[in-house]
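For reference, the chains in residue letters:
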Amino acid sequence: MIIEDIKIIDILQDGRGVARTEGKTVFVENAVYGETLDAEILAEKKNFLEARKINTKIKSDYQRKPPCPYFYECGGCSIMDINYDTQIELKKNLIKNALKKSTGLEIDGIEIVKSPEFRYRNKIRLQVDKDGGLNYLETYSKKLVKIDDCLIANEKISENLDRIEKITKDINQKFTASIEEITIRASENNILLNLQGNFDNNAIAYIKEKYSTSNYIINLLIARDLITINGEGYLDYKIVQKEFKISANDFYQVNDYQIENLYGVAREFLGEKQKLLDLYCGSAASSMSINDDHIVGVEINKNAIEDAKENAKRNGLRDYKFIAKNAKFIDSSFIIKEKIDAVTVDPPRAGLDKDVVKTIANAGIDKIVYISCNPQTLARDIKRFMDRGYKLEKIKAVDMFPQTMHVESVVLMSRK
Ligand SMILES: C[S@@+](CC[C@H](N)C(=O)[O-])C[C@H]1O[C@@H](n2cnc3c(N)ncnc32)[C@H](O)[C@@H]1O
């Protein structure tokens, strides 16, 4: 079935357009914010319709020619075809609507710290085809899109992409389709390549012999095992005049321009120095940027915790403890025993486990700074804190991901 002349009034986090027709909401693939279009219904659900754009009837005022030649096929960026100021307005709406839906709070004019639009990512993940070519995945499918460059990858990654592809081609043409995926991470001084796939002993021996003197730091990831081919296997990053060791599988924020801004907002919200419990601390780049000392960090990735300890030494901390544990297994008595004044949380997209909210509230913590990459789970968790006597004090967002509908938010909550 075809529906005609529907106007796209919003964009979802996954990039689909939102329209309304005859009392129903329609989610439209490949739609541009602000345009009027005809769409084919793909599925009819109880409260909404899923559809695909057939043709544009009235062009959007916000539309621009996407500067990347792969935009229409590649699933990496979803809103490069609208101007950056409008992208920011859409993200404000995304956060506002999520908060309103979960908490009933209506917050207008949420501030978002803008980023340079392009060349901001210090990390990209690409699919490697059987001949070793580098690809992204197509939107809404698993089809490969061959690329020669990526406009949101930083200069260092972009300048090295050809040379990196020579390596993946060499390996995959000798040992058919051994590399399936490559993650490229760049620091100021180095590039690290994580090659993921199936490598037999011959392939490993070949890679070791040929690439042990490579200028790149190369790791092989085979299932859950990591083999370091050369170098130390990790990168060093410098932010807020501190140095951080970040290993191959540690989390590190991807936007070089915005990382200090993000942690700066959290630091400002936290206020004067205090003893901080940082849940989901990673290798503690965030904790040590937000607080100079007196940190207890909890993180599920054991290797990141080892790096956090090393980072504490590197940066001269005197009062710290880093624990490799699932955050949901921290209990209130631990928080009280450690004399914690404030808590920061920075969970993955799924947000906080319910038990984490309960534990923090039961420990009587007055101040919580929540860093979130997902407005939906952030809003859900704020509501859970509100139900336990907390109030949303401040919210500010930092655009870590231009050309996509992703955005990072920082929230301060305090006990009423
Ligand atoms: C968004 S990252 C934040 C890391 C750190 N705060 C930073 O900015 O570098 C989320 C971190 O949570 C960790 N994590 C995921 N699930 C967890 C859990 N259940 N308990 C503790 N840590 C978890 C991940 O390994 C990851 O390091």
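For every chain, the first residue of its written sequence is number 1, and the numbers climb from 1 along that sequence. Totals for whole chains, interfaces and linings use every residue, but because this is a predicted model, local features are given only for residues with pLDDT of at least 70 and side-chain atom pairs only at 80 or more, for both listing and counting. In computing side-chain values, all of the structure's heavy atoms are included and hydrogens and water are not.

(A) How the structure looks around the pattern of salt bridges. By salt bridge we mean one thing: a side-chain nitrogen of Lys or Arg within 4 Å of a carboxyl oxygen of Asp or Glu. Within the structure shown, the criterion is met by 38 salt bridges. With a shortest N-O distance of 2.9 Å, Glu117 and Arg64 are connected by a salt bridge. Taken together, the positions of Glu117 in the loop between β7 (112–113) and β8 (123–128) and Arg64 in the loop between β6 (48–58) and α1 (84–103) put the pair 53 residues apart, joining distant regions of the chain. Because the salt bridges share partners, they merge into one network encompassing Asp14, Arg16, Lys45 and Glu50. A run of H or I in DSSP counts as a helix once it spans at least four residues, and a run of E counts as a strand once it spans at least two, with each numbered from the N terminus.

(B) The arrangement of the side chain of Ser332 in detail. Along the chain, Ser332 falls in helix α7 (residues 332–337). A relative accessible area of 16% places Ser332 in the buried class. Burial classification: accessible surface area is computed with a 1.4 Å probe over protein chains only, and a residue below 20% of its type maximum counts as buried, one above 50% as exposed, and the rest as partly exposed.

(C) Expanded view of the domain arrangement of the protein chain. Per the domain assignment, the segments making up the protein chain are domain 1 (1–63), domain 2 (100–115 + 255–415) and domain 3 (123–235). Domain start and stop points were drawn from an automatic or database domain assignment. Each of domain 2 and domain 3 was reduced to a C-alpha centroid, and the two centroids are 32 Å apart.

(D) A look at the packing of helix α2 (residues 155–174) against helix α3 (residues 201–211). With axes taken as lines fitted to C-alpha atoms, and helix axes fitted only over the stretch in contact, angles between N-to-C directions fall between 0 and 180 degrees. It is at 11 Å that the axes of α2 and α3 come closest, and there the two elements cross at 150°. The pairing of α2 with α3 is recorded here as roughly antiparallel in orientation. Two packed elements cross with a definite hand, and for α2 against α3 that hand is right-handed. Contact residues: Ile167, Asp170, Ile171 and Lys174 in α2; Tyr206, Ile207, Lys210 and Tyr211 in α3. Partitioning the contact of α2 with α3 into residue classes produces 5 nonpolar, no polar and 3 charged. Small angles under 35 degrees read as roughly parallel and large ones over 145 as roughly antiparallel, with 65 to 115 read as roughly perpendicular and the rest as oblique. Two helices cross in a left-handed way if the nearer one is turned anticlockwise from the farther one by less than a right angle. They cross in a right-handed way if the turn is clockwise. Any pair of residues with heavy atoms lying within 4.5 Å of one another is described as a contacting pair. In this count, Pro and Cys sit with the nonpolar residues alongside Ala, Val, Leu, Ile, Met, Phe, Trp and Tyr, while Asp, Glu, Lys and Arg are called charged and the others, Gly among them, polar.

(E) Examining the packing of α1 against helix α9 (residues 375–386) more closely. Where α1 contacts α9, the two axes come as close as 8 Å, and the packing angle between them is 35°. Between α1 and α9 lies a crossing whose hand is right-handed. Packed against α1, whose contacting residues are Leu94, Ile95, Ala98, Leu99, Ser102 and Thr103, the element α9 presents Pro375, Gln376, Ala379, Arg380, Ile382, Lys383 and Met386 at the interface.

(F) Structural context of the pairing of strand β16 (residues 242–247). Of all 6 residues in β16, 5 are buried, a share of seventy percent or more. Strands are treated as partners if at least two bridges between them are detected by DSSP. In this structure, strand β15 (residues 234–239) lies alongside β16, joined through 6 bridges in antiparallel fashion. Among the inter-strand pairings, Tyr237 is bridged to a residue of β16, identified as Phe244. Between the antiparallel neighbours β15 and β16 lie 2 residues, among them Val240 with a positive phi of about 40°.

(G) Inspection of empty space enclosed by the protein at higher detail. A cavity here means a set of 1 Å grid points, computed over protein atoms only, where a 1.4 Å probe fits but cannot escape. A pocket is an open set with protein on both sides within 12 Å along at least 5 of 7 lines, and lining residues have an atom within 4 Å of a point. Grid points are joined across faces, edges and corners, and a volume is the space filled by probe spheres set on the points. All told, the structure shown has 1 cavity of 30 Å³ or more when counted by the stated rule. Of the volumes computed, that of the largest cavity is approximately 30 Å³. Along the walls of the largest cavity sit Leu134, Ile147, Asp148, Leu161, Asp162 and Glu165, which together make up its complete lining. Taken together, the residues that form the lining of the largest cavity break down as 3 nonpolar, no polar and 3 charged.

(H) Examining the sheet that holds strand β22 (residues 390–398) more closely. Taken in spatial order, the 8 strands of this open sheet run β7-β22-β23-β21-β20-β17-β18-β19, and their pairing is mixed. The open sheet has two edge strands, β7 and β19 (320–324), and neither has a second partner. Taken together, the 2 bridges between β7 and β22 define a ladder with parallel strand orientation. Within the sheet, the bridge partner assigned to Val113 lies in β22 and is Val398. Those strands touched by helix α6 (residues 302–314) are β18 (295–299) and β19, and its axis lies near 170° from that of β19.

(I) Expanded view of the layout of surface pockets. Its volume calculated, the second largest pocket comes out at about 440 Å³. If you go around the second largest pocket, you meet 14 residues; those closest to its centre are Asp10, Leu12, Val18, Asn97 and Lys101. Of all the secondary-structure elements, those providing two or more residues to the lining of the second largest pocket are β2 (10–11), β3 (17–21), β4 (24–29) and α1. Of the residues forming the lining of the second largest pocket, the biggest block, 4 residues, is contributed by α1.

(J) Structural detail: the sheet that holds β8. Within the open sheet, the 7 strands sit side by side as β10-β9-β8-β11-β12-β13-β14. Their pairing is mixed. Two strands bound the open sheet, and with one partner strand each, they are β10 (144–146) and β14 (225–228). Between one strand axis and the next, the sheet turns through 35° on average, direction left out of account. Sheet topology note: the strand β13 (residues 217–222)/β14 ladder contains 4 bridges and is antiparallel. Its bridge partner being in β14, Leu221 is matched across the sheet by Leu226. The strands that α3 touches are β13 and β14; relative to β13, the one it contacts most, it runs at about 175°.

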